[in-house]
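Single-letter residue listing:
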Amino acid sequence: MASTITIKDFMFELPASVSPGAQVTIKNLDSQAHTVTSKKGGFDVKVDPNGTATLTAPKNPGSYPVVCSFHANMSATFVVR
């Protein structure tokens, strides 16, 4: 099943959870670049304005707090199970 993270209006919209190692599409609908950066480490993906990118989910199940390294007010929790 395809999973997508959408970035819109400086907010993350994440799937409820993804499978370990899953390929996740990131769609940035904003006119500024963003990142999906794990605060625990393991992934840091830059997404150009109005662009898409791909993230490989961690292989270990768990909750991964994520932020945008450009916009500190953007945060969410990425769940792998």
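None of the values given here were measured: they were computed from a predicted structure. (Residues numbered from 1 in each chain as written. Predicted model: local features only at pLDDT ≥ 70, side-chain atom pairs only at ≥ 80, totals over all residues. Heavy atoms only, no water.)

## Re the packing of aromatic side chains
Part 1: All told, the structure shown has two aromatic pairs when counted by the stated rule.
Part 2: Relative to tyrosine 64, the ring of phenylalanine 43 lies with its centre 6.3 Å away and its plane at 55°, an arrangement referred to as tilted. A residue pair is termed long-range when its members are at least 10 positions apart, and phenylalanine 43 in the loop between strand S4 (34-38) and strand S5 (44-47) and tyrosine 64 in strand S7 (residues 62-67) qualify at 21 residues.
Part 3: The class of phenylalanine 43 is buried, set by a relative accessible area of 7%.
Part 4: The buried category is assigned to tyrosine 64, whose relative accessible area is 9%. (Phe/Tyr/Trp six-rings, centres within 6.5 Å; stacked < 30°, edge-to-face > 60°. Helix = DSSP H or I, 4+ residues; strand = E, 2+ residues; numbered from the N terminus. Buried < 20%, exposed > 50% of the residue type's maximum accessible area, 1.4 Å probe, protein only.)

## Examining the pattern of salt bridges
Part 1: Inspection of the entire model under this criterion finds one salt bridge.
Part 2: The shortest N-O distance in the salt bridge between aspartate 48 and lysine 46 comes to 3.0 Å. (Salt bridge = Lys/Arg side-chain N within 4 Å of Asp/Glu carboxyl O.)

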